[in-house]
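Single-letter residue listing:
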Amino acid sequence: MTLATVTKRSVKSPPRPAGRGRTPTGQGAWFLVLPALLPILVLSVGPLLYGIALAFTDSQSGRTAPTQWIGTLNFQDLVHDTLFWDSFRIGLLWAVGVTVPQFLLALGLALLLNQDLKLRWPARALAIIPWAMPEVVVGIMWRLVYNPDAGILNETIRDLGLGDGRDWLSGLSTALPAVIVVGVWAGMPQTTVALLAGLQNTPRELHEAAAMDGAGAWRRFLNVTWPALRPVALAITALNLIWNFNSFALVYVLTNGGPGGRTRLPMLFAYEEAFRYGQFGYAAAMGCVLVAVISVLLAVFLVGRLKGGEDA
């Protein structure tokens with residue numbers, strides 16, 4: 001028996017202090033989670049449950065009689081409300097019309113900002129300026145751009161001899177496209193940042209190996225860049241689709257749902273029913289339908305991600 005063996009056997013490890021290395025369980029775990037859970041329950045879950053309950057009542061503003069439970073009557077009226085379904089269609093057009101160009105332009109900008117170019121860092125800072133601006137400020141700024149008399153857009157059209165310009169936000173055929181342009185401009189920076197982060201996580205060795213094998217820029221993008229970027233692209237696209245469908249402030253400042261309801265998104269319609277016409281119960285029923293649609297979109301996205309993870 002060697003001296004090292006005797007030393008190892010004779011020297012005992014010090015006792016572990018009580019409580020070290022243990023993970024909190026039971027009441028201890030709930031106590032640690034409670035500070036983060038309380039704001040969610042109070043500010044999110046509570047109002048959601050109250051809104052669902054309100055949808056089954058005849059609640060109205062300024063009503064002296066007590067609110068009564070009317071069951072699914074609000075939802076039955078909602079099924080036959082053509083104005084709501086028109087706003088729902090406009091909301092889908094708006095969400096897709098903003099999300100798709102937003103992603104394509106952000107992808108091109110992210111690919112450009114990922115290159116080793118001069119003044120790359122100032123360009124990255126300038127690219128996120130629209131993201132830092134409140135939606136109300138963005139709406140006011142673009143109303144000035146679209147101003148029919150002194151807006152920079154119409155002034156440029158007149159200077160180039162392309163016509164006298166037009167009232168972009170009041171025209172029945174131009175209001176929604178004009179608002180979509182603003183939505184793309186305002187939301188593109190956050191998509192660019194997400195895609196740029198995904199690009200920077202792609203190993204450069206893969207690009208160098210593909211280039212040595214003779215692959216061009218397009219083939220390297222399809223075979224190297226896009227497979228690594230696809231999870232980020234799917235996640236940010238799904239989130240953008242939900243965020244854009246729930247848009248309110250930007251369109252409210254730009255057009256207030258006009259002209260003739262051509263830009264009245266579902267959230268604007270529910271807002272008008274609740275705070276302009278005082279139909280709180282009916283507006284809550286609209287909110288329940290919108291929550292259900294968004295929940296379905298989230299479920300489809302999560303199922304797709306889980307299946308993709310299993311296939312991988």
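Here the structure is a predicted model, which is why all the values come from computation and not from measurement.

Draft legend 1. Representation of the confidence of the model for the protein chain. Overall, the prediction assigns the protein chain a mean pLDDT of 84, with 89% of residues at 70 or greater. Confidence drops under a pLDDT of 50 for residues 1–13, and excluding neighbours within four residues, the segment shows 2 contacts in the predicted structure.

Draft legend 2. How the structure looks around the pattern of salt bridges. All chains considered together, the criterion is met by 3 salt bridges. Between R158 and E155 there is a salt bridge whose closest N-O contact spans 3.5 Å. Here R158 pairs with E155, and both are found in helix α8 (residues 152–159), just 3 residues apart, close to one helical turn. Among the residues examined, R158 registers a relative accessible area of 31% and is labelled partly exposed. Given a relative accessible area of 32%, E155 falls into the partly exposed group. Residue R264 is joined to E272 by a salt bridge in which the shortest nitrogen-to-oxygen separation is 3.3 Å. For E272, a relative accessible area of 6% puts it in the buried group. Through salt bridges with shared partners, a single ionic network connects R264, E272 and R276.

Draft legend 3. The arrangement of the side chain of N154 in detail. By secondary structure assignment, the location of N154 is in helix α8. A distance of 3.2 Å separates the side chain of N154 from the backbone oxygen of P148, its partner in a polar contact. Here the side chain of N154 touches R166 through a polar contact of 2.9 Å, landing on its backbone oxygen.

Draft legend 4. Examining the layout of surface pockets more closely. Volume-wise, the largest pocket comes out at about 470 Å³. Lining of the largest pocket is provided by 15 residues; of these, N114, Q115, R204, H207 and T225 occupy positions nearest its centre. Secondary-structure elements contributing two or more residues to the lining of the largest pocket are α9 (175–200), α10 (204–212) and α11 (217–245). The leading source of residues in the lining of the largest pocket is α11, at 5 residues. Across the lining of the largest pocket, the residue classes break down as 5 nonpolar, 6 polar and 4 charged. When its volume is computed, the second largest pocket comes out at roughly 400 Å³. Together, 17 residues line the second largest pocket, and G51, A270, A283, A284 and G287 are the ones closest to its centre. Put simply, the parts of the chain that give the lining of the second largest pocket at least two residues each are α2 (27–54), α13 (266–275) and α14 (280–311). For the lining of the second largest pocket, the leading source of residues is α14, giving 7 residues. For the lining of the second largest pocket, the residue count by class is 15 nonpolar, 2 polar and no charged.

Draft legend 5. Focus on the side chain of T225. Take T225: it is sitting in helix α11. The residues contacting T225, other than those within four sequence positions of it, are L111, L199, H207 and R220.

Draft legend 6. Focus on the packing of helix α4 (residues 82–113) against α9. With their axes 6 Å apart at the nearest point, α4 and α9 run at an angle of 45° to one another. Of the possible angle classes, the one that applies to α4 and α9 is oblique. The way α4 lies across α9 gives a crossing that is right-handed. Residues of the contact of α4 with α9, tallied by class, amount to 21 nonpolar, 6 polar and no charged.

The rules we used
Residues numbered from 1 in each chain as written. Predicted model: local features only at pLDDT ≥ 70, side-chain atom pairs only at ≥ 80, totals over all residues. Heavy atoms only, no water. pLDDT = per-residue confidence, 0-100. Contact = heavy atoms within 4.5 Å. Salt bridge = Lys/Arg side-chain N within 4 Å of Asp/Glu carboxyl O. Helix = DSSP H or I, 4+ residues; strand = E, 2+ residues; numbered from the N terminus. Buried < 20%, exposed > 50% of the residue type's maximum accessible area, 1.4 Å probe, protein only. Polar contact = N/O pair within 3.5 Å; in protein donor to acceptor, adjacent residues only side chain to side chain. 1 Å grid on protein atoms, 1.4 Å probe; cavity = no way out; pocket = protein on both sides within 12 Å on 5 of 7 lines; lining within 4 Å. Points joined across faces, edges and corners; volume = space filled by probe spheres on them. Nonpolar A, V, L, I, M, F, W, Y, C, P; charged D, E, K, R; others polar. Axes fitted to C-alpha atoms, helices over the stretch in contact; angles between N-to-C directions. Parallel < 35°, antiparallel > 145°, perpendicular 65-115°, else oblique. Left-handed = near helix turned anticlockwise from the far one by under 90°.

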